[in-house]
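Survey of secondary and tertiary structure
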Amino acid sequence: GRELIVLQLHRRDGSGEPVNSGLWIEKDGSARSLGRDELIIAETGDWISPVDGAHYPTRCRIRLPGERMELNIAPLLANQEINQSLRAWSGAVAVDGSRDGMAMHGSGYVELSGYGRSKRN
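Reference entry: report on the structure contained in this document. (Residues numbered from 1 in each chain as written. Predicted model: local features only at pLDDT ≥ 70, side-chain atom pairs only at ≥ 80, totals over all residues. Heavy atoms only, no water.)

**Details of the overall build of the protein**
- A tally of regular secondary structure across the protein gives 0 helices and 9 strands.
- Its helices and strands taken in sequence order, the protein reads β-β-β-β-β-β-β-β-β from the N to the C terminus.
- Expressed as lengths along the three principal axes of its C-alpha atoms, the size of the protein is roughly 45 × 30 × 25 Å.
- Within the protein, the fraction of its 121 residues that count as buried is 29%.
- Once local pairs closer than 6 in sequence are excluded, the contacts in the protein between residues at least 24 apart make up 36%.
- Summed over its atoms, the accessible surface of the protein is roughly 7800 Å², and 50% of this surface lies on carbon and sulfur atoms.
- Across the protein, the 15 positively charged side chains and the 16 negatively charged ones have centroids separated by 3 Å. (Helix = DSSP H or I, 4+ residues; strand = E, 2+ residues; numbered from the N terminus. Buried < 20%, exposed > 50% of the residue type's maximum accessible area, 1.4 Å probe, protein only. Contact = heavy atoms within 4.5 Å. Areas by Shrake-Rupley, 256 points an atom, 1.4 Å probe, with all protein chains shown as cover. Lys, Arg positive; Asp, Glu negative; His and termini not counted. Charge placed at Lys NZ, Arg CZ, Asp CG, Glu CD.)

**What to know about the sheet that holds strand β1 (residues 3–9)**
- Taken together, 3 strands build an open sheet; the order of strands is β1-β2-β3 and the sheet is antiparallel. A single partner strand is all that each edge strand has here, and the edge strands are β1 and β3 (31–34). Adjacent strand axes in the sheet meet at a mean angle of 15 degrees when their direction is disregarded.
- Strand direction decides the pairing type here: β1 and strand β2 (residues 19–25), joined by 7 bridges, are antiparallel. Along β2, the bridge assignment pairs leucine 4 with tryptophan 24. (Pairing = 2+ DSSP bridges. Axes fitted to C-alpha atoms, helices over the stretch in contact; angles between N-to-C directions.)

**Thoughts on the nonpolar core**
- Tyr56, Ile62, Leu64, Ile73 and Trp89 are the most contacted members of the largest nonpolar core, which totals 16 residues.
- Secondary-structure elements contributing two or more residues to this core are β5 (55–64), β6 (69–75) and β8 (87–99).
- For this core, the element with the most residues is β5, which contributes 4 residues.
- In contact with tyrosine 56, other than residues within four places in its own chain, are Gly45, Asp46, Trp47, Ser49, Glu81, Arg87, Ala88, Trp89, Leu112, Tyr115 and Gly116. (Core = buried A, V, L, I, M, F, W, Y, C linked by side-chain atoms within 4.5 Å.)

**As for the side chain of serine 49**
- Relative to the assigned elements, serine 49 resides in the loop between β4 (40–48) and β5.
- A polar side-chain atom of serine 49 sits 2.9 Å from a polar atom in the side chain of glutamate 81.
- The residues contacting serine 49, other than those within four sequence positions of it, are Ala54, Tyr56, Glu81 and Arg87. (Polar contact = N/O pair within 3.5 Å; in protein donor to acceptor, adjacent residues only side chain to side chain.)

Encoded structure:
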């Protein structure tokens, strides 16, 4: 009954620390912003594009220490790459995890861009 929106920005060359932010939405519709220290995102697996070998981090673990929550994100289908003028991996994911030791299950949508070469490059 709750929703989580997570955003991670990183430099194309991979240097520096990624910037994490998010939005936590309660059942009643109230929302609060999550800052970089409130979200910990760790890649746990990737999918490799047959187009150019780009690695998309399609599996991850998201921790929200303040909410005592840990979520594992996994794609429903491995190949959800969009190979148009803007390359991206975009699609449905399964969410499993726990909050305060209680099991949680859900679904979501992930969009990953900036990993493969676009047709314009």
